[in-house]
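Breakdown of the fold
Given next are the chains, with one letter for each unit.
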Amino acid sequence: ISGSRDRDNMLLLHHSWTPNIDRLAEDGVKLTQHISAASLCTPSRAAFLTGRYPVRSGMVSSIGYRVLQWTGASGGLPTNETTFAKILKEKGYATGLIGKWHLGLNCESASDHCHHPLHHGFDHFYGMPFSLMGDCAHWELSEKRVNLEQKLNFLFQVLALVALTLVAGKLTHLIPVSWTPVIWSALWAVLLLAGSYFVGALIVHADCLLMRNHTITEQPMRFQKTTPLILQEVASFLKRNKHGPFLLFVSFLHVHIPLITMENFLGKSLHGLYGDNVEEMDWMVGQILDTLDMEGLTNSTLIYFTSDHGGSLENQLGHTQYGGWNGIYKGGKGMGGWEGGIRVPGIFRWPGVLPAGRVIGEPTSLMDVFPTVVQLAGGEVPQDRVIDGQDLLPLLLGTAQHSDHEFLMHYCEGFLHAARWHQRDKGTTWKVHFVTPVFQPEGAGACYGRKVCPCFGEKVLHHDPPLLFDLSRDPSETHVLTPASEPVFYQVMERVQRAVREHQRTLSPVPLQLDRLGNIWRPWLQPCCGPFPLCWCLREDGPQ
């Protein structure tokens, strides 16, 4: 069972918050320098499933479209990419994905499902083909709705002004014009006004839906039913497949705005709605562990728990933080290089195989899961492409003392922002920042007033010389090292820049799946359980 959750960072959580996740860590191996390959969900998940930097598969953008924006977009995980699920399925494993996907759905029609999980190695899928968003619950913290409403209202005002001007001009004989342009401009103004009024509901129906395999089961979703439905689906999968090898990826919808939480968890945490949502997720982890116990699967199951990136600092309203915290680590979600966006929890538990309570401080990556599970299943890591992940098993077992990662690259979209060098002989991990976002307001620790920090343009700084930190002594990245304060400054810079050049020589041009052409809403690609645009259905009652 492989579990992932979205946009939070568990490194700071107190024991009373997460007893079940704590139990996993106590009974397993904890990775304290575990790194995601991107600081946002779509590229990070692509890297996790393929073992490759997202820039290799084109799961990045060059124009600021950081994740897939619509269910009805054509971008997604390319069909020629190989996931660990595909290899394990070929080795006889039952493979399932329950929860969030957010790696695309269709290419040319609303039913081709070219990017669907079932086309990437999973036998069974139940969950959201897109992602839980603030717009699903009409939140103030909006990804698309508010911006679209503002644009539509502006265009309405322009066209309404044009129509009124034409009417006034015609009635006063100052503008020689027929009634045709008056009627058309007024009609378009009315349509735009209606669009601004209904766009929120349209987004909910377009993106906030559940699927079972290739069939839409709820459109839109009933959010208070979602958590019980996911747990029911997990239990059903485990019971069906307990007599053979299986891979189950439980991809929680927690803890992401709008922080939808069942009533029995609301108001329970000292840390507000975010804490309530985290505690509900921890309870879900406990329910899954209990199911493994009841089915006699605990000792034969390797469990991996992580996050796809750090907490979202910009998800803040007033003095209330809805996006999580990153503790001592600087920055957060969306920032290509700062630790707060890319350092995530990493827990492996396998009773009787992995030593309980082991803590590993070596650099590791979410991409390492690919070669690790492939080789555990008796498969072969593909030789026809670059795999950036490394087999973790020797490190987890204690037969290897050091990570096989000497260098890790940290991207923001398709732009390299930072690199880390693990100098094994010195026991030092260096971090070099070539580009950093400009925090707003000055002196803040995030890009407040924006949805996320940018990767390029006027709102980033290019550093010459680059910023250097010693993460071994300064994990918070607060003390910039200089030639005057660090004797080996130039040697470190030369070695890291040489590694960056070597890495860049291994890159090949690929179509960028998240750029504009692949990342705009196309009506003919919109999944709909009725005649478009009447997308409404409830095909499963689920738990009461």
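Residues numbered from 1 in each chain as written. Predicted model: local features only at pLDDT ≥ 70, side-chain atom pairs only at ≥ 80, totals over all residues. Heavy atoms only, no water.

Observations concerning a nonpolar patch on the surface
A grouping of Phe 154, Leu 155, Val 158 and Val 162 is seen on the molecular surface, where their side chains present a nonpolar patch of about 340 Å² in accessible area. Its relative accessible area of 42% is what places Leu 155 among the partly exposed residues. (Patch = residues over 30% accessible without salt bridge, like charges linked within 9 Å, V, L, I, M, F, W, Y side chains within 5 Å. Areas by Shrake-Rupley, 256 points an atom, 1.4 Å probe, with all protein chains shown as cover. Salt bridge = Lys/Arg side-chain N within 4 Å of Asp/Glu carboxyl O. Buried < 20%, exposed > 50% of the residue type's maximum accessible area, 1.4 Å probe, protein only.)

Remarks on the UniProt feature "transmembrane region" (unreviewed entry) in the protein chain
Following the UniProt record, one finds the feature "transmembrane region" (unreviewed entry) at residues 154-176, 182-204 and 246-266. End C-alpha atoms of residues 246-266 are separated by 34 Å, and the span's content is 0% helix alongside 29% strand. (UniProt positions renumbered as here; feature names shortened; annotations may be inferred. Helix = DSSP H or I, 4+ residues; strand = E, 2+ residues; numbered from the N terminus.)

Describing the confidence of the model for the protein chain
Put simply, the protein chain has an average pLDDT of 92, and 97% of its residues get 70 or more. Under a pLDDT of 50 for its full length, residues 1-15 has, in the predicted model, 88 contacts with residues more than four places off or in other chains. (pLDDT = per-residue confidence, 0-100. Contact = heavy atoms within 4.5 Å.)

Describing the pairing of strand E11 (residues 343-349)
Successive side chains on a regular strand alternate, one facing one side of the sheet and the next facing the other. For E11, the tally of buried residues reaches 7 of 7 residues, placing the bulk of the element in the interior. Bridge count for strand E2 (residues 29-35) against E11 is 5 bridges, and the pairing is antiparallel. Counterpart to Val 29 in the pairing with E11 is Phe 348. Here 4 bridges tie strand E8 (residues 303-307) to E11, and the two strands are oriented antiparallel to one another. Each bridged residue has a counterpart across the sheet, and for Phe 305 the counterpart in E11 is Ile 347. (Pairing = 2+ DSSP bridges.)

Section: the pattern of salt bridges
Under the counting rule described, the total for this entry stands at 20 salt bridges. The closest approach of N and O atoms between Arg 385 and Asp 384, which form a salt bridge, is 3.0 Å. For Arg 385, a relative accessible area of 22% gives the class partly exposed. Several salt bridges converge on common partners, so that one network encompasses Glu 339, Arg 343, Arg 420, Lys 431 and Glu 477.

Focus: the layout of surface pockets
As a volume, the largest pocket reaches approximately 1,100 Å³. Contributing to the lining of the largest pocket are 39 residues, with Gly 64, Gln 69, Glu 143, Lys 451 and Val 452 lying nearest its centre. The leading source of residues in the lining of the largest pocket is helix H5 (residues 145-171), at 3 residues. Considering only residue class, the lining of the largest pocket consists of 19 nonpolar, 8 polar and 12 charged. Here the lining of the largest pocket spans two domains, and each of domain 1 (1-132 + 208-525) and domain 2 (144-203) adds at least three residues to it. (1 Å grid on protein atoms, 1.4 Å probe; cavity = no way out; pocket = protein on both sides within 12 Å on 5 of 7 lines; lining within 4 Å. Points joined across faces, edges and corners; volume = space filled by probe spheres on them. Nonpolar A, V, L, I, M, F, W, Y, C, P; charged D, E, K, R; others polar. Domains from an automatic or database assignment.)

Digging into the domain arrangement of the protein chain
The domain boundaries assigned to the protein chain delineate domain 1 (1-132 + 208-525) and domain 2 (144-203). Centre-to-centre separation of domain 1 and domain 2, based on C-alpha positions: 44 Å.

A word on the sheet that holds strand E15 (residues 415-423)
Reading across from one edge, E14-E15-E16-E17 is the order of the 4 strands in this open sheet, with antiparallel pairing throughout. Two strands in the sheet have a free side with no partner beyond their single neighbour: strand E14 (407-412) and strand E17 (460-470). Across the sheet, the axes of successive neighbouring strands diverge by a mean angle of 15°, strand direction being ignored. Bridge count between E15 and strand E16 (residues 428-437): 6 bridges; the pairing is antiparallel. (Axes fitted to C-alpha atoms, helices over the stretch in contact; angles between N-to-C directions.)

Some details on unusual backbone geometry
One can expect most non-glycine residues to show negative phi and most peptide bonds to be in trans. Note that the residue after His 254, namely Val 255, is joined by a cis bond; omega there is -20°. Among the secondary structure elements, Val 255 is positioned in the loop between strand E7 (246-251) and helix H8 (272-294). Cis geometry is found at the peptide bond from Asp 464 to Pro 465, where omega equals 5°. With respect to the secondary-structure elements, Pro 465 resides in strand E17. Of note, His 113 is a non-glycine position whose phi angle comes to about 50°, a positive value. As for its position among the elements, His 113 is in the loop between strand E3 (94-100) and strand E4 (124-128). Assessed through its relative accessible area of 7%, His 113 is described here as buried. A positive phi angle, near 55°, is found at Glu 413, a position not held by glycine. With respect to the helices and strands, Glu 413 occurs in the loop between E14 and E15. Judged by its relative accessible area of 8%, Glu 413 falls in the buried class.

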